[in-house]
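Secondary and tertiary structure notes
Chain residues, written in single-letter form:
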Amino acid sequence: MWPEIKFSDAVGVFYSLMFADFTAAAVLISFGAVLGKTSPLQLLIMAMIEVVIFAANEMVAAMFQVKTRSSLRHFGYCEV
């Protein structure tokens, strides 16, 4: 009845949830910086662009195996 969950599947789900959490945090921080000065359409466009750039940043960091502190990764700080 219940699907069998493997450990590797659980790790993948956990990584996806962590990635989504950091992405949402980056977008919400940006929202707080420009809130009240932008229209809802501008906020929507900014969020879509920021999610794509954040994902590209994560992919580049993974390709070059950059050691980063995950709490500072979305601020552009990378420790080599």
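Please refer to the structure higher up on the page.
A brief look at the structure comes next. (Residues numbered from 1 in each chain as written. Predicted model: local features only at pLDDT ≥ 70, side-chain atom pairs only at ≥ 80, totals over all residues. Heavy atoms only, no water.)

**Some points on the overall build of the protein chain**
Note the threshold: Note on conventions: DSSP H or I runs of at least 4 residues are helices, E runs of at least 2 residues are strands, and numbering of each starts at the N terminus. Buried means the residue's accessible area, taken with a 1.4 Å probe over protein chains only, is under 20% of the maximum for its type, while exposed means over 50%, and partly exposed covers the values in between. When checking whether two residues touch, look at their non-hydrogen atoms; a contact exists if any pair is within 4.5 Å. Only the protein chains shown count as covering a residue, and every accessible area follows the Shrake-Rupley method with a 1.4 Å probe.
When helices and strands are tallied, the protein chain shows two helices and zero strands. Counting over 80 residues, the protein chain shows a buried share of 18%. Within the protein chain, residue pairs in contact and separated by at least 24 positions form 43% of the contacts whose partners lie at least 6 positions apart. Summed over its atoms, the accessible surface of the protein chain is roughly 6500 Å², and 72% of this surface lies on carbon and sulfur atoms.

**Some thoughts on helix α2 (residues 40–63)**
Cut-off, in case you're wondering: Here the expected length of a helix is defined as 1.5 Å per residue gap, with one fewer gap than residues.
Taking 1.5 Å as the rise per residue, α2 with 24 residues should run 34 Å; its terminal C-alpha atoms sit 35 Å apart, in good agreement. Among the residues making up α2, those that are buried are L43, A47, E50, F54, E58 and A61. Q65 sits one or two positions beyond α2 and adopts a positive phi of about 50°.

**A look at a nonpolar patch on the surface**
Formally: Two joining distances apply to patches: 9 Å for like charges and 5 Å for nonpolar side chains (Val, Leu, Ile, Met, Phe, Trp, Tyr), and every residue must have over 30% relative accessible area and no salt bridge. Each reported salt bridge corresponds to a side-chain nitrogen of Lys or Arg within 4 Å of a carboxyl oxygen of Asp or Glu.
The grouping of L41, L44, I45, M48, I49 and I53 at the surface amounts to a nonpolar patch, some 600 Å² of accessible area in total. Counting through the fold element by element, M48 comes out in helix α2.

**Concerning the side chain of E50**
Counting through the fold element by element, E50 comes out in helix α2. What E50 contacts, discounting residues up to four positions off in sequence, is A26, V27 and S30.

**A word on the side chain of S30**
Selection rule: Any pair of N or O atoms that falls within 3.5 Å is considered a polar contact. Within protein, one atom must be able to donate a hydrogen and the other to accept it, and sequence-neighbouring residues count only if both atoms are side-chain atoms.
Of note, S30 is situated in helix α1 (residues 7–34). Of note is the side chain of S30, whose polar atom sits 2.8 Å from the side chain of E50. Beyond its immediate sequence surroundings of up to four residues, S30 is in contact with M46 and E50.

**Some details on the environment of T38**
Looking at the secondary structure, you find T38 in the loop between α1 and α2. Residue classification places T38 among the partly exposed positions, given a relative accessible area of 28%. There is a polar contact of 3.4 Å between the side chain of T38 and the backbone oxygen of V34.

**Quick look at the packing of aromatic side chains**
Our working definition: Two aromatic rings from Phe, Tyr or Trp, using only the six-membered ring of Trp, form a pair when their centres are within 6.5 Å; if the ring planes differ by under 30 degrees the pair is stacked, by over 60 it is edge-to-face, and anything between is tilted.
Overall, the coordinates contain one aromatic pair when judged by the stated rule. Taking 5.6 Å as the distance between ring centres and 35° as the angle between the ring planes, the aromatic pair formed by F19 and F54 counts as tilted. Linking F19 in helix α1 with F54 in helix α2, this pair joins segments that are 35 residues apart in sequence. A relative accessible area of 27% means that F19 is categorised as partly exposed.

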